[in-house]
Amino acid sequence: MKRRKELKKASPYIFISPWIIGFIVFTAGPLILSLIMSFYDWPVTSEATFTGLGNYVKMFTEDAQFWKSLKLTLKYAAIFVPLNLGIALFLAMLITQPVRGVKIYRTIFYIPAVISSVATAIIWGWILNGDYGVLNYLLSLIGIEGPNWLVDPAWALMAIVLTSAFGVGTMMLIFYTDIKNIPIDLYEAASLDGANSVKQFFSITLPIITPTILFNVITSIINAFQQLTLVMLLTGGGPLKSTYFYGMYTYDNAFKHHKLGYASANAWVMFVIILILTAFIFRSSSAWVFYEAEVKGQKTGKRRKNK
Amino acid sequence: MKRKIGLLLVLTLTMVTVLSACGGSGGNSDSGGKTKVRFASWDNAEDLDSQQELVDKFNVSQDEIEVTLEAYGDDYDTKISAGMGSGDAPDVMYMWNYPSYYEALEPLDSYIENEGAEYKDNFYEALWAYNQIDEDIYGIPVGFTTHALFYNKDIFAEAGVTEPTDDWTWDDLQAAAKTISEKIEGVTGFSYQLQADPYDFEMYLWSNNTAYVDEAGNVADNLNSAESVEAFSVFQNIQKEGAAITTEGGGTDEFRSGKTAMYIYGAWSVSTLDGDGVNYGIVDIPAFADSGREAVSILSSSGLAMSKDSKNKEAAWEFIKYWTGEEMNKERIGYELSALKSVVESEGVMEDEKSAPFYSMLEQSTGYTPASFLVDDWGSLADDLELALERINNPTTLEDPQTVLDEVAGAH
């Protein structure tokens, strides 16, 4: 009878043990190992030597490429995140309209997000080709001579932004479900008061979906900073290193230059940067994110905008 | 009672899931007493299929060793690095980047000596320099190719230009390329790779009596010497005249489809071009008019190396001997050039007009050591050289070679 009680207590842990073991072996363990590795000079083919903070110091003071790649990735994130959000929101608004065949449009808009990044890179490699690509052909029809997207260092970054906007479907769907959940009487009340659809959008829709915007901003930023597959497959970091993102830089350090310790340090620096940015956004969120539940629960000014 | 059974079921299920996940790759246990040898290759598609057939042939021919072919494809370097890092590299592997990997490879001098002097002499001497670090040999040459100039006979005939010869200089090539580009719509005279491998590109410097570094490994005054600048400029000049395009790959695709009339490449495309039925010829790479010498070619040589951590070194050596032996060399004719003198003689490879130019380039190219073997930090120099080549040859930038090379030399 005590046995039964013990088993009862232990059973939850037994249930989650596969996940815990998986987490430790595949996530937590390697995470800690990579932290340890970042304190070593760890070439692939010979012995690892302890260097303490040497890797980090070298990264910040001696390595010019570190700063270049970081700046480039920040630039990319700064362009990509607002653009992605804007497009996702716009498309989400489109598919909430009561238009005939809206379900088909929903599917069409979502399909690109399902395609694997390898296939996306190959497709866009063909579309963006300077001489035979479809994009330049379409541009030529309206009289614009398209640049050589993947060869011209001035345009390669925009090419990557364009291609990564392809995966906007997931965010669009999240926005869509959130917008659909807004009670319709809010809109009715507003139109009774004489608000047109633009005013309705900015005064009703946007404030209510701010929690979703917060979520999407954070996931977008994390994805933008970690962008690797597209860059590796579409431009390889070129031309002339104009798309040599931080992820590519870390990968090359690890597998091309065989500096595993240094690459681990790179990865941890990126982790810290993303952590700080995310924390910062969360902090600022109290100023612009509107939680319905909190308003209903409390009367005090926690939800009031900063005066 | 029910609860107990239910809990037991859950427990069993959990255990099974966990253990099956761990089960996966592991046991190197011998099946039936055969020694297992793992062999990694970087080939794809049809080449890989033919390699698998040859490996099967080996396994069938004897009872002691079983070889498994591991196809690493384009991720070859990543997978090999990962294997070496975890002490789990394959027993036998294709190798060409000795400076980066030699510390994890087994020196093979003692094995070679045991085979007797004839064994070593049968390989072309030039190849050993590409498979050793300092005095230790780390790989047995599998095959090699030099580079030569491919040209499309039909296009030359159509444009009314005389075909290239072994005595051509770069000026001749530029003139011919220009004429062809002007006369025939949609065809460019010459193509070369945009993101050229700096390792390969050094051959043009050698052809002009210079190199990336001197014997001591100094970059200054070698990389940015006047001769070197000339070598880098020659391609840019042809492009500026509108007589050359840069290609993403080696240039075979453009050549096969008749978009270009000439390109420089190794023997890898011979069977592809034959299969397509392209009417092409091969001659030596043009010389630099002022260099006073014939052109030199890099040796793209691949070797078979053994892992230092291999548990079955004797068996691995047996397989290496087989793969680099006469029989295998004969099988690979048409894709690579044979590294064995005996095979070249017996198969009359020198008489074949498609292979002879490569061997003549080989004769002109002995005695050169690539900078990757002379410089400690080849990785970072190669990176800068790659960027420099891009800056010079990218159609939208076309930077001045002297400025770019001075910059690179200054940084090293």
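Residues numbered from 1 in each chain as written. Chains lettered and ligands numbered in written order. Predicted model: local features only at pLDDT ≥ 70, side-chain atom pairs only at ≥ 80, totals over all residues.

### Focus on the overall build of chain B
Secondary structure assignment for chain B yields 20 helices and 13 strands. Projected onto its principal axes, the C-alpha positions of chain B cover 90 × 55 × 45 Å. Put simply, chain B has 412 residues, and 41% of those count as buried. Residue pairs at least 24 apart in sequence account for 73% of intrachain contacts in chain B once pairs closer than 6 positions are excluded. (Helix = DSSP H or I, 4+ residues; strand = E, 2+ residues; numbered from the N terminus. Buried ≥ 20, exposed ≤ 12 C-beta atoms within 10 Å, placed from the backbone. Contact = placed C-beta atoms within 7 Å.)

### Topic: the overall build of chain A
On a plain count of helices and strands, chain A comes out with 15 helices and two strands. Relative to the compact-globule value of 19 Å for 307 residues, chain A shows a C-alpha radius of gyration of 24 Å, a clear excess of over 25%. Burial analysis of chain A (307 residues in total) assigns 27% to the buried set. (Rg over C-alpha atoms; globule rule 2.2 N^0.38 Å.)

### Notes on the environment of Ser-365 of chain B
Looking at the secondary structure, you find Ser-365 of chain B in the loop between α17 (356-364) and α18 (371-374). Separated by 158 residues in the primary sequence, Ser-365 of chain B and Ser-207 of chain B have C-alpha atoms spaced 9.2 Å apart.

### Regarding the interface of chain A and chain B
The interface is formed by 23 residues belonging to chain A together with 24 residues belonging to chain B. Here the element with the most residues in the side of chain A that touches chain B is helix α1 (residues 2-37) of chain A; it accounts for seven residues. Looking at the side of chain A that touches chain B, its residues break down into twelve nonpolar, eight polar and three charged. (Nonpolar A, V, L, I, M, F, W, Y, C, P; charged D, E, K, R; others polar.)

### Examining the nonpolar core
Note that soluble globular proteins tend to have their nonpolar side chains buried in a common cluster. All names here are of chain B. With 122 residues, the main nonpolar core has Val-92, Phe-150, Ala-177, Phe-190, Phe-319 and Ile-320 as its most contacted residues. Top contributing element to this core by residue count: helix α19 (residues 378-393), with seven residues. There are two domains that each give this core at least three residues, and those are domain 1 (35-145 + 300-360) and domain 2 (148-298 + 376-411). Excluding residues that lie within four positions of it along the chain, Ile-320 makes contacts with Val-92, Ile-140, Leu-304 and Met-306. (Core = buried A, V, L, I, M, F, W, Y, C linked by C-beta atoms within 7 Å. Domains from an automatic or database assignment.)

### Quick word on the domain arrangement of chain B
All names here are of chain B. As far as domains go, chain B holds domain 1 (35-145 + 300-360) and domain 2 (148-298 + 376-411). Look at where the C-alpha atoms of domain 1 and domain 2 centre, and you get two points 29 Å apart. Residue-level contacts link eleven residues of domain 1 with eleven residues of domain 2. Partitioning the side of domain 1 that touches domain 2 into residue classes produces five nonpolar, four polar and two charged.

### So, the sheet that holds strand β7 (residues 148-152) of chain B
Within a sheet, adjacent strands bond to each other through the backbone by hydrogen bonds, running parallel or antiparallel. All names here are of chain B. Read from one edge to the other, the open sheet built from five strands follows the order β9-β8-β10-β7-β11, with strand pairing classed as mixed. Two strands close off the open sheet at either side, each with one partner strand: β9 (244-247) and β11 (280-283). When strand polarity is set aside, the average angle formed by the axes of neighbouring strands in this sheet is 25°. Strand direction decides the pairing type here: strand β8 (residues 188-193) and strand β10 (residues 260-265), joined by three bridges, are parallel. Pairing of Thr-188 across the sheet is with Thr-260, part of β10. Contacts from helix α11 (residues 226-240) reach β8 and β9, with the element oriented near 115° to β9. (Pairing = 2+ DSSP bridges. Axes fitted to C-alpha atoms, helices over the stretch in contact; angles between N-to-C directions.)

### Structural notes on the sheet that holds strand β2 (residues 65-71) of chain B
Residue and element names in this part refer to chain B. Ordered by their spatial adjacency, six strands build an open sheet running β2-β1-β3-β12-β6-β13, and the pairing between neighbours is mixed. Taken across any chain shown, the strands that pair with only one partner, and hence form the sheet edges, are β2 and β13 (337-338). Bridging between strand β6 (residues 139-145) and strand β12 (residues 300-306) involves six bridges; their strand directions are antiparallel. Paired with Pro-141 across the two strands is Gly-303, which belongs to β12. Contacts between helix α2 (residues 45-61) and the sheet are confined to β1 (35-41) and β2, with β2 contributing the most and set at about 170° to the helix.

### Some words on the environment of Thr-278 of chain A
Looking at the element boundaries, Thr-278 of chain A is found in helix α14 (residues 260-288). Here the alpha-carbon distance between Thr-278 of chain A and Thr-219 of chain A, two residues 59 residues apart in the chain, equals 9.3 Å.

### A look at the pairing of strand β3 (residues 92-95) of chain B
Residues and elements named next belong to chain B. Burial of β3 is two-sided: the residues Val-92 and Tyr-94 facing one way and the residues Met-93 and Met-95 facing the other way are all buried. Bridge count for β1 against β3 is two bridges, and the pairing is parallel. When the bridges of β3 are listed, Ala-40 appears paired with Met-93. Judged from the four bridges that link them, β3 and β12 form a sheet pairing that is antiparallel. Looking at β12, one finds that Met-93 is bridged to Ala-305.

### Overview of α2 of chain B
Working note: α-helix, 3.6 residues per turn, so residues spaced by three or four point in the same direction. All names here are of chain B. Its 17 residues place the ends of α2 25 Å apart at the C-alpha level, agreeing with the 24 Å of an ideal helix rising 1.5 Å per residue. Within α2 the residues assigned to the buried category are Gln-51, Val-55 and Phe-58. For α2, the angular spread of the buried residues around the axis is 55°, confining them to a single face. Counted as exposed and oriented over 90 degrees from the buried face of α2: Ala-45, Glu-46, Asp-49, Glu-53, Asp-56, Val-60 and Ser-61. In this structure, the buried residues of α2 make contact with β1, β2 and α14 (313-323). (Expected span 1.5 Å × (residues − 1). Arc of directions from axis to C-beta.)

### A look at unusual backbone geometry
Residues and elements named next belong to chain B. One non-glycine residue, Asp-134, lies in positive phi territory at about 55°. Here Asp-134 shows up in the loop between β4 (132-133) and β5 (136-137). Here the phi dihedral of Asp-221 falls at roughly 70°; this positive angle occurs in a residue that is not glycine. Residue placement: Asp-221 occurs in the loop between α10 (198-207) and α11.

### Some remarks on the packing of helix α2 (residues 54-61) of chain A against α14 of chain A
Residues and elements named next belong to chain A. One can describe the packing of α2 onto α14 by two numbers: an axis separation of 9 Å at closest approach and a directional angle of 70°. For the element pair α2 / α14, the angle class is roughly perpendicular. On the side of α2, the interface is formed by Asn-55, Tyr-56 and Met-59, while α14 contributes Gly-261, Tyr-262, Ala-265, Asn-266 and Val-269. Considered class by class, the residues forming the contact of α2 with α14 number five nonpolar, three polar and no charged. (Parallel < 35°, antiparallel > 145°, perpendicular 65-115°, else oblique.)

### Digging into the confidence of the model for chain B
All names here are of chain B. When the pLDDT values of chain B are averaged, the result is 85; 96% of them are 70 or greater. Of all the helices and strands in chain B, helix α1 (residues 2-23) carries the lowest mean pLDDT, 70, while β7 carries the highest, 93. Note on residues 23-31: pLDDT under 50 across the span, and three contacts to partners over four residues away in sequence or across chains. Across the assembled chains, the prediction reports ipTM 0.74 with pTM 0.80. (pLDDT = per-residue confidence, 0-100.)

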